[in-house]
Amino acid sequence: MEEKMSWSAVDAVDYKGFPADKSKTGGWVPAALSLGIEICERLSTMGIAVNLVTYLGGTMHLPSATSANIVTNFMGTAFLLCLLGGFLADSFLGRYKTIAIFAVIQTLGTSMLAISSKLPQLRPPPCHGREDATCKQASGFQKGVLFLSLYLIALGTGGLKSSVSGFGTDQFDEKDEKENTQMAYFFNRFFFIISTGTLMAVTVLVYIQDEVGRSWGYGICSISMFVAILIFLSGTKRYRYKKCLGSPIVHISQVVMAARRKRHHQVPSDITLLYESYPEELRIRHTDHLHFLDKASVIAEGDYGNDGSLAPNPWELCEVTRVEEVKMMVRLIPIWATTIIFWTTYAQMITFSVEQASTMKRWIGGFQIPAGSLTVFFVGAILITLAVYDRLIMPLWKTWKGKPGFTNLQRITIGLFLSTVGMAAAALAEVKRLSVAKSAGQTTKVLPISVFLLIPQFFLVGSGEAFIYTGQLDFFITQSPKGMKTMSTGIFLTTLSLGFFFSSLLVSIVESVTGIRGRQGWVGENINKGRLDCFYGLLAILSFINFGLFLVSAMWYRRRAYKHVSEMEIVGKKSPSAVEKC
């Protein structure tokens, strides 16, 4: 057996279904092939998203608020569909097939978008007048083709993001010390690849869209994704594959359903009478909270069915360990809920902030910076912050506190604080821009004010993302049960999705409340006539309130975690392995 394990990867097979030979499968090269898909996904999604608001307003002639909502709904749907992609990968398709299928779907979406931006029949006629009222908005059919393209891209993005990182780590054997070290480096480089793809999107691709043509920019997305698919498929014989083990969503549903069906049952005072079939070393000990879920482990008549089966119906009876896994996921909810608002502020950086930039002077010498490329300061802030944290803050913190950097909750705290300050800075910058717009008059297309006034808001929110993204990812992976790591990643990505959707909802509410009786609202058709400064101020206030709620949630979570560990230490006097497991 030991000889067999020395040449084969644990729990992995090759493309024929045989145990994966380490000398012929897995490692850096197959993992790198999967990263090509992620580069092109970031290039396509971000290259389209950061400059989409200018296309919707300038070419499709849609109002400012409507354009912003279309962008945030598009991004929100893309991240929400990560749950669907993860479910299909875990339960039916496997990660390899999921990546291949959804990459093709995204390619179809970008191809359709390239065609729709090229054909005159799929765009309204150009606007030749000075006033927005003379512009004809896109028809229902034209918007329908646009939306179909965007949501095909969103579907492809959701399927890819849920599986690419996991498939990359599948190429390394955790039981092999050498390969386990390589996998740690893979995570670091994977995040760097995402940032590099985004940087290319907001610079090169946005410039091509603005200066050469939208169809060229979107066409490059399609071609690059098609090439990435071919490269990905070329590694089929060298990949390692993991078998589908079932979706955590189903496991959670089973616990909830079993507890609901037994809501009238009493939980025994002796917890050893609750159902448990896991081996001792894999068990999670019972905890004294969320008692209603414990009813899923109460053994009752009929749990084993009438067919004489020795295995209980999982929708009727669940192990204590599985119930405790669900409890652990529930405890994450307050932290999850109080991080959503950050991604609402993030959404403004690729919508209204880009619209602000389009009205300002963007010249450096003889070169005009595309409005969408202003997000390069956002991406630059992320890279700079990560570099400073890795090379300066972490060594100093280790010397001072003896710990390798901030905890995940501390990083989230810093990120939320920076985003709150960023929204306040955005409100002040908009006050200045609006005063210049009022002095220049309504007919002035480019205001005599430098676009670099917007750098503080991009930099502060970008730095915030560097802390909150890594903090969230670390928190949801390390604090979730071992069997639900994929599920926890999907839950983390839903904070992005809900942040974008909340942005759309907030814009709609503000528009309806402030734009009554035919007046120009805060976020109406023309931002030069609106009060975007008030909208940013509202977001700063909401972010500040949310920051306070997060601090309360973080303190509650730490107290609960400490209490749980203390209980485990008492139990662990008889079973040390249980303490390590918890």
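Above this note sits the structure.
Residues numbered from 1 in each chain as written. Predicted model: local features only at pLDDT ≥ 70, side-chain atom pairs only at ≥ 80, totals over all residues. Heavy atoms only, no water.

**Remarks on helix α17 (residues 408-440)**
Relative to the 48 Å expected for 33 residues at 1.5 Å per residue, α17 spans 47 Å between its end C-alpha atoms, a close match to the ideal helical length. Residue G441 follows α17 closely and has a positive phi angle near 95 degrees. (Helix = DSSP H or I, 4+ residues; strand = E, 2+ residues; numbered from the N terminus. Expected span 1.5 Å × (residues − 1).)

**Quick look at empty space enclosed by the protein**
Evaluation of the coordinates by the stated rule reveals four cavities of 30 Å³ or more. Considering only enclosed or pocket space, the largest cavity measures out at about 280 Å³ in volume. Forming the walls of the largest cavity are 22 residues, and the residues nearest its centre are R42, I194, T198, Y346 and E465. Residue assignment for the lining of the largest cavity shows that the elements contributing at least two residues are α2 (28-58), α3 (64-80), α8 (177-211), α14 (340-349), α16 (376-401), α18 (455-478) and α19 (485-514). Top element by residues in the lining of the largest cavity is α8. It accounts for five residues. (1 Å grid on protein atoms, 1.4 Å probe; cavity = no way out; pocket = protein on both sides within 12 Å on 5 of 7 lines; lining within 4 Å. Points joined across faces, edges and corners; volume = space filled by probe spheres on them.)

**Describing the packing of aromatic side chains**
The final tally for this structure, using the stated rule, is 29 aromatic pairs. For the ring pair F87 and F92, a centre distance of 5.7 Å and an interplane angle of 75 degrees mean the geometry is edge-to-face. When its relative accessible area of 25% is taken as the criterion, F87 is described as partly exposed. Ring geometry for F167 and Y241: centres 6.2 Å apart, planes at 55 degrees, overall tilted. One end of the pair, F167, is in helix α7 (residues 164-169); the other, Y241, is in the loop between α9 (214-234) and α10 (248-261), and 74 residues separate them in sequence. Comparing F167 with Y241, the two get one shared label, buried. Taken together, the aromatic side chains of F79, F342, W343, Y346, F378, Y469, F475, F476, F492, F500 and Y557 make up a single cluster linked through ring pairs. (Phe/Tyr/Trp six-rings, centres within 6.5 Å; stacked < 30°, edge-to-face > 60°. Buried < 20%, exposed > 50% of the residue type's maximum accessible area, 1.4 Å probe, protein only.)

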